[in-house]
Amino acid sequence: MNQNTSAPEPARANIKKRGNLSPVWLLPVVALLIVVWLAWKSVSEAGIVIDVQFQNGRGIKQGKTEVMLNGIAVGKVTDIAMSDDLKSVNVTLEMDRRMSSSLTDKSRFWLVRPQVSVAGISGLDTLVSGNYIAFQPDDSGVKRRKFVALPSPPPLGEQEEGLSLTLRAKELSSIQNGSPVYYRRLKIGEVSSYNLSVDDQYVDVEIFIKPQFAHLVRRNTRFWNAGGVELSGSLTNLKVRTQSIVSIVQGGVSLYTPEWEQEFPEAYQGDVFPLYRDYDEAEAGIAVEIDFPLDVALGQEKTRILFHGKEVGLVRDTQLKDDYSGITANVIIRPDAVNLMVKGARFWLVKPSIGLRGVSGLETLLGGRYINMDVSNKDIRAAIPKRHFEGLASEPPASPSAPGLHLKLRAGSLAGISHGSPVLFRKMQVGSVQSHELTDDGVLIRILVNPAYQHLVNDSSRFWNVSGITLHGGLQGFSIKAGTLNSMLAGGIAFDTPDRTSGKVKNGTDFILYDNSEKAHQFGQRITLIFATAEGLRVGTKIKYKGLVVGHLTDLKLDQQEGHIVADALLGENSGWVAHEGSRFWLVRPKLGLTNTANLETLVTGQYIEVLPGSGQETAAETRFTVEMAVPDDLPLSNGLRLQLVSSQLGSIRRGNPIYYREIPVGTVTGYRLADPASQVLIFINIEERYKSLVTRKSRFWNASGIEVKFGLFSGAQIRTESLEALLAGGISFATPEPGEPVAPGYRFTMAEEPESQWLRWAPAISISQ
């Protein structure tokens, strides 16, 4: 083996220098960077862990239940654990880090799950997605990581922007959380909560109005409880008011703003409004007070106020006055009737009434009592506002402006007439009595004639009382007069109009109310007669002239000062001519005697007054006369020869005694009286016209009364008398020696006690005129 063979020199390695850092080493760096980035990303995107305390964990599932904000998940339940006191559940949430700024002490959490109630179904979406925790962020608070969940969702007003208001009510009624709030039956909000007021005197109901409807609520908006079904009115005017089926079950609130009021600004957040019990109470109007007497039973609230049948208001409530002297009704008058609330308006309660005049207010049996009111056009035009009125216990007289004819009747007494008594024309009711009052001279009665019949009254109309039954009776017969059955029971007034062409009358015209129809139709001249006594007299005693009735007595009264009877008499319409100067009146009464019986008809017809008119048409008219209680002594007959006889004694001479000529009656004694001086008696006689030629200046008169008896011893007895009538009743005889000129009327003779013997033998041939 060759040692020489040197071993080849090992080749030298060509070492090339490379860089100091291999790209391989970049991989760890990159990996590190990735890890760092991932770590940073993990840290930066990791949720914020917070703890929320719930009352219980029902419906909450770890890893599944999400936290939702506006429908987007912003967190998730990561853990559930009982609290240390075991009274609640601590739920750990991992919230989106972007919510970091919103996790403050003002942020709220609550569990949303499906709920079914009378108000409806809520949380229906959770049936699919499962329960979730609602989150309401608020950045204005202090950041925190521990929270207490709400037991129930917060009010809508707190969940979203809108108008939150407080309604203050006396009681809650059917309102509950979630009850709808309606405007024109459209739901615009709901009740969010309720609670007692601070002073525990009211119930404060919190409501939320959606933002788009907030402008509907003004400072003068009215709210009322619209829950359930409201029944109001009467059987004839029943009102059923409700908002919706939901409000019937759940209750609700309605609102409206009076359109007739001035525009108020929109309501502010937190404004407090009264919550009225119902629509009627909430209805806006004019507040009015009416004081009624204690004996007026207003009954229940909501009594209607009617004006000519139209409802213009409602009684809200009633209360006793402070001094217990009456009842005050607090009334709300509709705005469109504000012009009626003026001075002069009258209010009275209408209720059913059953009386002698019939049944009134019958409609109130079905419709309930109501308050009626009226006011005159004059008062409306005067427009003096008034808000406090005095109510009346009964219907007042018709207003002066009421349609129809308003008249005044003046009477001496009321005589059965009362408020509401009918006014009759031909026994048909055409009006009624409105009122009556005492006056200095009697009674003033106001009546109203219905418009359809007011043309029946004019200047010639006569009114008389037809109340009850008028009964007249006597030996001549009986008469019964009555008006209608209503007037018999409740009184009444009748009238007629003799002259339809007479002048029209105006409202307020005065008429006399006569006691009866006879008095009402007494047309003619009125005179006054003075009597010494009222014996045999009565109202209605007739005044006659030659048997013809020319008038009658209308009134009798005692003149206490003079001590005589004063009678008012009415002469017939065409008999005024008997009331003249010189007219003489005397009372005609029955006379009974043996030979002088007269006026027997007055036993049946009653006494009457005879009148002898004054002579001459040119005598002055006179209205006051003194009535003689017997036929005047010096009363001349209508024909014949009136003479006077002078005697020392009257003897048995009486009025009506016959005057004999040759034992034949030719005249009558018409009267007698003492002469002046009173030493003699004047006897008035009247010789019939056809026998007046028998009386001449030479005629002799003697008393023929009784019987003359002469007895002589040798002549025997002589008995003389004129006639049996003269024997019984007395009489006067005369004889005339020869024909001669008849004496003038009023010629005076001396009457002898007995005749001379030659007088009895006189037998002249005197012609008797035919």
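Just so you know, these numbers come straight off a predicted model, no measurement behind them. (Residues numbered from 1 in each chain as written. Predicted model: local features only at pLDDT ≥ 70, side-chain atom pairs only at ≥ 80, totals over all residues. Heavy atoms only, no water.)

## Observations regarding the overall build of the protein
Here is step 1: Within the protein one finds eleven helices and 52 strands.
Here is step 2: Out of the 770 residues in the protein, the part that is buried amounts to 40%.
Here is step 3: About 44,000 Å² of surface is accessible on the protein, with carbon and sulfur atoms providing 54% of the total. (Helix = DSSP H or I, 4+ residues; strand = E, 2+ residues; numbered from the N terminus. Buried < 20%, exposed > 50% of the residue type's maximum accessible area, 1.4 Å probe, protein only. Areas by Shrake-Rupley, 256 points an atom, 1.4 Å probe, with all protein chains shown as cover.)

## Comments concerning the pairing of strand E35 (residues 493-496)
Here is step 1: Pairing geometry for strand E29 (residues 422-425) and E35, over three bridges, is parallel. Note that in E35 the partner of Phe425 across the bridge is Phe495.
Here is step 2: Here strand E32 (residues 462-465) pairs with E35 via four bridges, running antiparallel. Within E35, the residue paired with Asn465 across the bridge is Ile493. (Pairing = 2+ DSSP bridges.)

## Describing the environment of Phe147
Here is step 1: Summarising the element assignment, Phe147 is placed in strand E9 (residues 146-148).
Here is step 2: For the pair formed by Phe147 and Arg108, sequence separation is 39 residues and the distance between their alpha carbons is 7.6 Å.
Here is step 3: When sequence neighbours within four positions are dropped, the list of residues in contact with Phe147 reads Ile50, Asp51, Val52, Gln53, Leu103, Thr104, Ser107 and Phe109. (Contact = heavy atoms within 4.5 Å.)

## Quick word on the sheet that holds strand E36 (residues 509-514)
Here is step 1: Spatially, seven strands are ordered E28-E31-E30-E29-E35-E32-E36 in a closed barrel, and the strand pairing comes out mixed. Sheet twist, expressed as the average angle between the axes of neighbouring strands with direction ignored, equals 35°.
Here is step 2: Strand direction decides the pairing type here: strand E28 (residues 405-411) and E36, joined by four bridges, are parallel. In the strand pairing of E36, Lys408 is matched with Asp510. (Axes fitted to C-alpha atoms, helices over the stretch in contact; angles between N-to-C directions.)

## Brief notes about the packing of aromatic side chains
Centre distance and the angle of the planes are the two values used to describe a pair of aromatic rings.
Here is step 1: With the rule as written, the count across this model stands at 15 aromatic pairs.
Here is step 2: Considering the side-chain rings of Trp224 and Tyr256, the 5.7 Å spacing of their centres and the 70° angle between planes classify their relative orientation as edge-to-face. Note that Trp224 is positioned in strand E14 (residues 222-225) and Tyr256 in strand E17 (residues 253-256), a separation of 32 residues in sequence. Here the two residues Trp224 and Tyr256 agree in accessibility, since each one is buried.
Here is step 3: Between Tyr747 and Phe749, the aromatic rings sit 4.8 Å apart at their centres with planes inclined by 65°, giving edge-to-face as the arrangement. (Phe/Tyr/Trp six-rings, centres within 6.5 Å; stacked < 30°, edge-to-face > 60°.)

## Section: the pairing of strand E2 (residues 66-69)
Here is step 1: Direction of pairing for E2 relative to strand E3 (residues 72-82): antiparallel, over a ladder of four bridges. Of the residues in E3, the one forming a bridge with Glu66 is Lys76.
Here is step 2: Where E2 hands over to E3, the hairpin turn is made up of two residues, of which Asn70 adopts a positive phi near 55°.
Here is step 3: In terms of strand pairing, E2 meets strand E8 (residues 132-136) through two bridges, oriented parallel. Counted as the bridge partner of Met68 is Ala134 from E8.

## Focus on unusual backbone geometry
Here is step 1: The peptide bond linking Asp676 to Pro677 adopts the cis configuration, its omega dihedral lying at 5°.
Here is step 2: By secondary structure assignment, the location of Pro677 is in the loop between strand E46 (664-674) and strand E47 (681-687).
Here is step 3: Unlike most non-glycine residues, Ala383 shows phi in positive territory, near 55°.
Here is step 4: Positionally, Ala383 belongs in the loop between helix H7 (377-382) and strand E27 (388-392).
Here is step 5: Backbone geometry places Glu663, a non-glycine residue, at a positive phi of 65°.

## Observations concerning the pattern of salt bridges
Here is step 1: Scanning the entire structure with this criterion turns up 13 salt bridges.
Here is step 2: A salt bridge links Glu738 to Lys698; the nearest nitrogen and oxygen atoms lie 2.4 Å apart. Within this pair, whereas Glu738 is found in the loop between strand E51 (732-735) and strand E52 (748-752), its partner Lys698 is found in the loop between E47 and strand E48 (700-703), the two being separated by 40 residues in sequence.
Here is step 3: In this structure Glu738 comes out as partly exposed when scored by relative accessible area, which is 35%.
Here is step 4: By relative accessible area, Lys698 is classed as partly exposed at 43%. (Salt bridge = Lys/Arg side-chain N within 4 Å of Asp/Glu carboxyl O.)

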